Each structure stands twice: as C-alpha cells, then as structure tokens.
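# Structure assessment
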Amino acid sequence: SQTIHQWPATLVQPVGSPLSLECTVEGTSNPNLYWYRQAAGRGLQLLFYSVGIGQISSEVPQNLSASRPQDRQFILSSKKLLLSDSGFYLCAWADSNQPQHFGDGTRLSIL
Amino acid sequence: RKEVEQDPGPFNVPEGATVAFNCTYSNSASQSFFWYRQDCRKEPKLLMSVYSSGNEDGRFTAQLNRASQYISLLIRDSKLSDSATYLCVVTHNQGGKLIFGQGTELSVKP
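For the structure given in this document, a descriptive report is provided here. (Residues numbered from 1 in each chain as written. Chains lettered and ligands numbered in written order. Predicted model: local features only at pLDDT ≥ 70, side-chain atom pairs only at ≥ 80, totals over all residues. Heavy atoms only, no water.)

### Points about the overall build of chain B
Note the cut-off: Starting at the N terminus, helices and strands are each numbered in turn, a helix being any DSSP run of H or I of at least four residues and a strand any DSSP run of E of at least two. Two things to know: the radius of gyration comes from C-alpha atoms, and the globule rule equals 2.2 Å times the number of residues to the power 0.38. Classification of residues uses two cut-offs on accessible area relative to the type maximum, computed with a 1.4 Å probe and protein chains only: under 20% is buried, over 50% is exposed, and between them is partly exposed. Between two residues, a contact is recorded if the distance between any of their heavy atoms is within 4.5 Å. A 1.4 Å probe and the Shrake-Rupley method give the accessible areas. Residues count as covered only by the protein chains that appear here. Just so you know, the count uses Lys and Arg for positive and Asp and Glu for negative, and it drops His and the chain ends. Charged groups are reduced to one reference atom each: NZ for lysine, CZ for arginine, CG for aspartic acid, CD for glutamic acid.
Each helix and strand counted, chain B has zero helices and 11 strands in total. The helix and strand sequence of chain B, counted from the amino end, reads β-β-β-β-β-β-β-β-β-β-β. In terms of C-alpha radius of gyration, chain B reaches 13 Å, essentially the compact-globule figure of 13 Å for 110 residues. Dimensions of chain B, computed from the C-alpha atoms along their principal axes, are close to 45 × 30 × 20 Å. Evaluated residue by residue, chain B yields a buried proportion of 48% over its 110 residues. In chain B, the share of contacts with a sequence separation of at least 24, taken over all contacts with a separation of at least 6, comes to 57%. Counting every atom, chain B has about 5,300 Å² of accessible surface; 46% of that belongs to carbon and sulfur. Where the 12 positive side-chain charges of chain B centre and where its 11 negative ones centre are 4 Å apart.

### A closer look at the sheet that holds strand β1 (residues 3–7) of chain A
All names here are of chain A. Rule in force here: Strands were regarded as paired on the criterion that DSSP finds at least two bridges between them. Only C-alpha atoms enter the line fits that serve as axes; for helices the fit covers just the stretch in contact. Angles between N-to-C directions range over 0 to 180 degrees.
Read from one edge of the open sheet, four strands run β1-β3-β8-β7, paired in antiparallel fashion. The open sheet has two free edges, formed respectively by β1 and β7 (64–70), since each of these has just one partner strand. Strand-to-strand twist of the sheet, defined as the mean angle between neighbouring strand axes without regard to direction, takes the value 15 degrees.

### Some points on the interface of chain A and chain B
Cut-off, in case you're wondering: Buried area is calculated as the accessible area (1.4 Å probe) missing from two parts once they are joined, with the contributions of both summed. A pairing counts as a salt bridge when a side-chain nitrogen of Lys or Arg comes within 4 Å of a carboxyl oxygen of Asp or Glu. Pairing of N or O atoms within 3.5 Å defines a polar contact, subject to two protein rules: one partner must be a possible hydrogen donor and the other a possible acceptor, and residues neighboring in sequence count only if both atoms are side-chain atoms. Classification used: nonpolar for Ala, Val, Leu, Ile, Met, Phe, Trp, Tyr, Cys and Pro, charged for Asp, Glu, Lys and Arg, polar for all others including Gly.
Listed by partner, the interface residues are 21 residues for chain A and 21 residues for chain B. Carbon and sulfur atoms make up 53% of the area that chain A and chain B hide from each other, which totals about 1,600 Å². The interface formed by chain A and chain B holds zero salt bridges in total. At the boundary of chain A and chain B, one finds three residue pairs in polar contact (both at pLDDT 80 or more). Among the elements of the structure, β4 (32–38), β5 (44–52) and β9 (87–94) of chain A are those that each provide at least two residues to the side of chain A that touches chain B. Taken together, the residues of the side of chain A that touches chain B sort by class into 10 nonpolar, eight polar and three charged.

### Structural notes on the layout of surface pockets
If a probe as big as a water molecule is rolled over the atoms, it shows which places are left empty. Spelled out, the test is: Throughout, the protein atoms alone are placed on a 1 Å grid, and a set of points is a cavity if a 1.4 Å probe fits but cannot get out or a pocket if it is open with protein on both sides within 12 Å along at least five of seven lines; lining residues have an atom within 4 Å of a point. Grid points are joined across faces, edges and corners, and a volume is the space filled by probe spheres set on the points.
Taken as a whole, the largest pocket encloses approximately 740 Å³ of empty space. Around the largest pocket sit 25 residues that line it, and Gln 38, Ala 39, Ala 40, Gly 41 and Arg 42 of chain A are the ones nearest its centre. Here the lining of the largest pocket is built from residues that sort into eight nonpolar, 11 polar and six charged. Empty space within the second largest pocket amounts to approximately 180 Å³. Lining the second largest pocket are Tyr 36, Leu 44, Gln 45, Leu 46 and Glu 59 of chain A together with Glu 3, Lys 97, Leu 98, Ile 99 and Phe 100 of chain B. For the lining of the second largest pocket, the secondary-structure elements that each account for two or more residues are β5 of chain A together with β10 (98–100) of chain B. Partitioned by chemical class, the residues of the lining of the second largest pocket number six nonpolar, one polar and three charged.

### What about the sheet that holds strand β8 (residues 70–75) of chain B?
Residue and element names in this part refer to chain B. Pairing is antiparallel in the open sheet, where five strands are placed in the order β1-β3-β8-β7-β6. Of all the strands in the sheet, just β1 (4–6) and β6 (55–57) have a single pairing partner and so form its edges. Each adjacent strand pair in this sheet contributes to an overall mean axis angle of 15 degrees, direction not counted. Taken together, the six bridges between strand β7 (residues 60–65) and β8 define a ladder with antiparallel strand orientation. When the bridges of β8 are listed, Gln 63 appears paired with Ser 72.

As structure tokens, this is what we get:
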C-alpha cells in the first residue's frame, strides 16, 4: 500500500533563516506531488505541484521554492523565512485525477 | 469569485440530526469531485468521491448536479465524532490539480 511521510511535524524558526521540508512517498511510482499551506482558520492554498521529476509548477508568487530530485521525493525550501510563512504545510500525492492523500503536515512557526 | 464555494458555517447541530452541506463550482470543465474531512490541526482525509449518479456510504450521501455545478453532502443521524471541517474538492484535467473550497465546520453536540 502507498504511504506518505512528511517531516518534521513541528518547526520553530527565526525570521530570515532557511527552510527545508521533506516529503517522500512509498508504494507508487510517478505520482503527482503537491505542497499546500493552511494558515490558522483558513482554507488550503496550493503552493506547488509536480507531475514528474524536475517538473515544478508554482501557483502563487512567494519566497518559497520546491524541488523534486527523485520520483517520490518532494522538497519545500526557502532561503530566508518571513513572518508570513507561518502555517501548516501539507504534502500530498495522487495518481492523475484520483483523490489526493495527505501527509501528517508540518506546523511551522516563525519568530 | 472563488472557484469552489461552500456554505460559510459553522453548523452546530444536536446528535442524531441530519446535516446538509452545499458546494458550487465555477469551472464547467471540472472532472472529478470529492468530499474531504479535516479534524482540528490534522491533515485532510478523503471522505468520499462524488459520482454523477449520486452515491451513498453508510450515513453519508453525496450528490452531483453538473448542470447546476452543484455538489452536496448529507449526513444522517449525526454523531459526536462527525465534528470536523468538511471540504468540497474539485479537479480538472490540469496535472491533477485539486481545488479546495474553504470548508464548512460542523459541531455535533450531545
């Protein structure tokens, strides 16, 4: 069966520090991969999605970036975090137009 | 206008009540439809897919009206454990991108 792993579960970072969140999927090949952010009390905002290795689509302008160095690995990064980057970050995978399955999420607090 | 819009909520209902969630979508090219459930401070989880003919899973019934671009979720005999935020989700054939509604919060009281 397929599983998705996302880490860390929580992270506290100072403003201006770098960020790297990692997500890996097991039990499937060539999945679509997604990064979402959910601010407190708000809906899900799609940040990036990828349909293959090295292919990244950005949904909103921001100081975050994403990379897919391997088929089942998706990384969310930032060189310098802003206060507004605080939120709940969720990685998800899906096969084509099938439902997405989410990781447990990373709760990021910027101080 | 948002691509997927849901009832603003929150819905506060007693145990045993029947609850209906409504959702509309603006893109007529939308292909697939889902309802997700999100518990507080947790990740969204797939509740059920929505098919054109309507579908039922226990106490949950989902319906789709393509002509009106409307999706619904009905929960019968609601339980305390049904308390969560319910997310309407739509996808069209653009890299499998899912569009989430803002969610409707449900609180079931004893």
